[in-house]
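Here is how the chains run, residue by residue.
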Amino acid sequence: MINLILFGPPGSGKGTQAAKLVEKYGLLHISTGDLFRYEIGNKTPLGLEAKSYIDKGALVPDEVTIGMLRNKVEANPDVQGYIFDGFPRTTPQSEALDKLLAEKEDTVSRLVMLSVPDEEIVKRLLLRGETSGRADDKNESVIRNRIQVYKDNTTPVYDYYDAKSKATSIDGIGGIEEIFERLATVIDTL
Ligand code: AMP
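Right, let's walk through the structure included here. Quick caveat, the model's predicted, so the values are computed rather than measured. All residue numbers refer to position in the chain's written sequence, counted from 1. Given that the model is predicted, a residue must reach a pLDDT of at least 70 before its local features are reported, and side-chain atom pairs must reach 80 or more before they are shown or counted; all residues, however, enter totals for whole chains, interfaces and linings. Only heavy atoms go into the side-chain values, all of them from the structure, while hydrogens and water stay out.

Before going further, it helps to spend a moment on the pattern of salt bridges. For this analysis, a salt bridge means a side-chain nitrogen from Lys or Arg found within 4 Å of a carboxyl oxygen belonging to Asp or Glu. For the structure shown, the criterion picks out 18 salt bridges. Glu177 serves as the salt-bridge partner of Lys20, at 2.8 Å between the closest nitrogen and oxygen. Here Glu177 lies in helix H8 (residues 176–187) and Lys20 lies in helix H1 (residues 14–25), a separation of 157 residues in the sequence. As a salt-bridge pair, Asp98 and Lys164 come within 3.8 Å of each other at their nearest N and O atoms. With a gap of 66 residues between them, Asp98 in helix H5 (residues 91–103) and Lys164 in the loop between helix H7 (140–162) and strand E5 (167–171) connect regions that are remote in the sequence. Three labels apply to residues, based on accessible area from a 1.4 Å probe with only protein chains included: buried if under 20% of the type maximum, exposed if over 50%, partly exposed otherwise in between. For Lys164, a relative accessible area of 40% corresponds to the partly exposed category. Taken together, the shared-partner salt bridges in this structure form one network comprising Arg128, Arg134, Asp136, Asp137 and Arg146. Numbering goes from the N terminus for both helices and strands, where a helix is a DSSP run of H or I of at least four residues and a strand is a run of E of at least two.

The next subject is the pairing of strand E4 (residues 110–115). The element E4 is largely enclosed, with a buried count of five among its six residues. Two strands pair if DSSP finds at least two bridges between them. In this structure, strand E1 (residues 2–7) lies alongside E4, joined through four bridges in parallel fashion. When the sheet's bridge partners are listed, Phe7 is paired in E4 with Met113. Where E4 meets E5, five bridges bridge the pair, whose relative direction is parallel. Bridging from a neighbouring strand, Ser115 pairs with Asp171 of E5.

Below is the structure:
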């Protein structure tokens, strides 16, 4: 099994790269952001709760997010591995993921961070907002809040896996293929 955490700030290209990794390595892509948007689209109670946080650029509470992630993993036991995209975003989420995988006698193989500077992120997200249909990509103050939340709550996740010698940072600036090659080089060592 390869269990990869694709890490990085909003707009760092995680979703784009995850789609390419699925093709090459046959892993199951789990994006908590996509799962929330699906729930919102279906107007489920979980979706309605999540929307109030997402619209502000805040994190959905850990219990809600961890429960949803656990359901998705448990519904798909027979896979060659998982790409976690946008999860974990807090230290308690990291601990919950480790526990969930340990129950399957498995573990996180590696966290790979796509490193992209703030100003580039704001530019990319505003551009994406023109076509993505995502309200949280349209408003610059929501975008800046998401970046701040990433710095305050999510960067500790990098340190958490770095302390286990499982974190790698790669340059997230460049062409899609170029960045994919950098990622594949890391994954091929696993
Ligand atoms: P994303 O598509 O990964 O950019 O996520 C969009 C929004 O969904 C985030 O800004 C959060 O509000 C929420 N979200 C996604 N993943 C998580 C998570 N792991 N923990 C808490 N909130 C999340």
